[in-house]
Amino acid sequence: MYKFQPILKSLIWGGEKIAPYKQIKTELHNIGESWELSGVKENESVVAEGPEAGTKLPDLIARHGAALLGAANFERFGTEFPLLIKFIDARQDLSIQVHPNDELAWERHRSKGKTEMWYVVAADKGAHLRSGFAKQVTPEEYEASVADNTITDILADYKIQPGEVYFLPAGRVHAIGGGSFIAEIQQTSNITYRIYDYGRLGADGKPRELHTEQAKGAIDYTVLPDYRTHYRHEYDQRVELVSCPYFTTSLYDLTRPQEIDLTALDSFVVVICVEGCGTITDDRGEKIPIHRGETVLVPASARSLSVTPDSSMKLLTSWIA
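Quick caveat, the model's predicted, so the values are computed rather than measured.

The rules behind the values
- Residues numbered from 1 in each chain as written.
- Predicted model: local features only at pLDDT ≥ 70, side-chain atom pairs only at ≥ 80, totals over all residues.
- Heavy atoms only, no water.
- Helix = DSSP H or I, 4+ residues; strand = E, 2+ residues; numbered from the N terminus.
- Rg over C-alpha atoms; globule rule 2.2 N^0.38 Å.
- Buried < 20%, exposed > 50% of the residue type's maximum accessible area, 1.4 Å probe, protein only.
- Contact = heavy atoms within 4.5 Å.
- Areas by Shrake-Rupley, 256 points an atom, 1.4 Å probe, with all protein chains shown as cover.
- Lys, Arg positive; Asp, Glu negative; His and termini not counted.
- Charge placed at Lys NZ, Arg CZ, Asp CG, Glu CD.
- Salt bridge = Lys/Arg side-chain N within 4 Å of Asp/Glu carboxyl O.
- Phe/Tyr/Trp six-rings, centres within 6.5 Å; stacked < 30°, edge-to-face > 60°.
- Core = buried A, V, L, I, M, F, W, Y, C linked by side-chain atoms within 4.5 Å.
- Pairing = 2+ DSSP bridges.
- Arc of directions from axis to C-beta.
- Polar contact = N/O pair within 3.5 Å; in protein donor to acceptor, adjacent residues only side chain to side chain.

Draft legend 1. Focus on the overall build of the protein chain. Of regular secondary structure, the protein chain possesses seven helices and 19 strands. Against the globule reference of 20 Å for 321 residues, the protein chain gives a C-alpha radius of gyration of 19 Å, in line with a compact fold. Seen through its principal axes, the protein chain has C-alpha atoms that stretch 60 × 40 × 40 Å. In the protein chain, which comprises 321 residues, the share counted as buried stands at 55%. Here the analysis covers contacts within the protein chain between residues at least 6 apart in sequence; of these, 74% occur between residues at least 24 apart. Summed over its atoms, the accessible surface of the protein chain is roughly 14100 Å², and 48% of this surface lies on carbon and sulfur atoms. The protein chain carries 34 positive and 45 negative side-chain charges, and their two centres are separated by 2 Å.

Draft legend 2. Highlighting the pattern of salt bridges. Going through the model one piece at a time under the given rule, you end up with 17 salt bridges. One salt bridge in this structure joins Glu294 and Lys3, with 3.0 Å as the shortest N-O distance. In this pair, Glu294 is assigned in the loop between strand 17 (287–291) and strand 18 (295–298) and Lys3 in strand 1 (residues 2–3), connecting sequence segments 291 residues apart. By relative accessible area, which is 17% here, Glu294 ends up buried.

Draft legend 3. Spatial organisation of the packing of aromatic side chains. Counted by the stated rule, this structure contains 10 aromatic pairs. Ring geometry for Tyr142 and Tyr221: centres 6.4 Å apart, planes at 70°, overall edge-to-face. Note that Tyr142 is positioned in helix 6 (residues 139–147) and Tyr221 in the loop between helix 7 (212–216) and strand 13 (239–244), a separation of 79 residues in sequence. Each member of the pair, Tyr142 as well as Tyr221, is classed as buried.

Draft legend 4. Region of interest: the nonpolar core. Grouped together as the largest cluster of nonpolar side chains are 37 residues, with contacts concentrated most on Phe81, Tyr119, Leu241 and Leu297. If one sorts the elements of this core by residue count, strand 13 sits on top with four residues.

Draft legend 5. Seen up close, the pairing of strand 16 (residues 269–282). Within strand 16, 10 of the 14 residues are buried, which leaves it mostly tucked inside the rest of the structure. Where strand 16 lies against strand 18, four bridges are found, and the strand directions are antiparallel. For Val270, the partnering residue across the bridge sits in strand 18 and is Leu297. With five bridges joining them, strand 16 and strand 17 adopt antiparallel strand pairing. Of the residues in strand 17, the one forming a bridge with Ile280 is Ile288.

Draft legend 6. Representation of helix 2 (residues 57–64). Considered for burial, the residues of helix 2 that qualify are Leu57, Leu60 and Ile61. The arc that holds the buried residues of helix 2, viewed along the axis, is 100°, so those residues lie on one side. Against the buried residues of helix 2 lie strand 1, strand 3 (31–37), helix 3 (66–69), helix 4 (71–77) and strand 18. Gly65 sits one or two positions beyond helix 2 and adopts a positive phi of about 55°.

Draft legend 7. Quick look at the environment of Asp124. Within the fold, Asp124 resides in the loop between strand 6 (116–123) and strand 7 (128–133). Sequence separation of Asp124 and Phe181 is 57 residues, and the distance between their C-alpha atoms is 8.4 Å. Asp124 has contacts with Lys17 and Gly179, leaving out every residue within four places of it along the chain. Polar contacts involving the side chain of Asp124 include one to the side chain of Lys17, which spans 2.8 Å.

Honestly, it's all geometry; don't read function into it.
Structure follows, in structure tokens:
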């Protein structure tokens with residue numbers, strides 16, 4: 001099992017919550033994102049501790065192959081880790097954006113697309129986010145709404161609470177609002193089309209680049225009655241939140257030790273602690289402590305996990321089925 005050094009991103013809209021949440025010290029301010037587990041080129045995660053400390057994630061995969069990723073994943077992805085795990089602290093509204101699907105991303109960028117999900121860890125009073133269109137619009141009406149600064153009027157806007165889940169398939173227009181603190185799980189892709197940015201200036205004093213025209217052909221204009229992902233909360237058992245071709249994510253809200261059987265799974269497991277602390281022990285007897293704000297990568301070779309909360313603990317787990 002592995003922990004990795006967080007990759008902290010100081011961003012114009014970032015806040016001051018990530019470092020205390022993760023219980024780390026840093027001189028950085030306005031940390032908008034902590035990349036917990038990343039195979040993105042030039043942003044590869046590095047093992048934080050143990051005999052393989054200092055090893056970059058692609059090198060770790062090259063060394064262990066299918067034993068780390070799972071046979072099907074290793075054949076499919078090679079040494080590129082297929083998920084990107086982040087914590088996001090939005091002091092201000094993030095830009096309105098969309099991500100292309102696999103086909104369009106490959107055609108335009110020779111990259112994978114980006115399907116993602118959000119788990120709301122914390123929310124200030126009045127915190128909100130936007131996901132999907134509130135009414136049917138044409139591509140031309142979308143473009144006009146950007147030009148006349150009314151695009152926020154045609155998007156579904158949600159006041160958020162901790163524990164809420166939003167699934168964002170590629171093509172869905174979205175934006176994280178100010179006051180949101182979110183755990184994000186996504187495909188390994190850094191392709192984002194920024195549609196609208198409220199006229200905000202970047203660190204260089206110039207308006208940030210927009211990709212309004214590129215986004216036009218990437219957007220899924222389908223309107224849904226509700227863009228939230230609803231689930232039934234249960235203590236001390238696995239509650240599946242999202243299952244899609246790119247990842248399966250579950251929630252464990254633990255008040256007592258939990259056994260997780262992995263014998264039927266041919267995949268790594270990412271364990272993200274969003275609340276509390278405890279210990280994870282695999283079937284070989286390796287123990288690793290985990291606390292709020294930490295992420296652990298469990299190799300595919302693990303057949304079971306025993307999770308023991310110190311008192312209570314909330315974990316997200318994610319794998320590729």
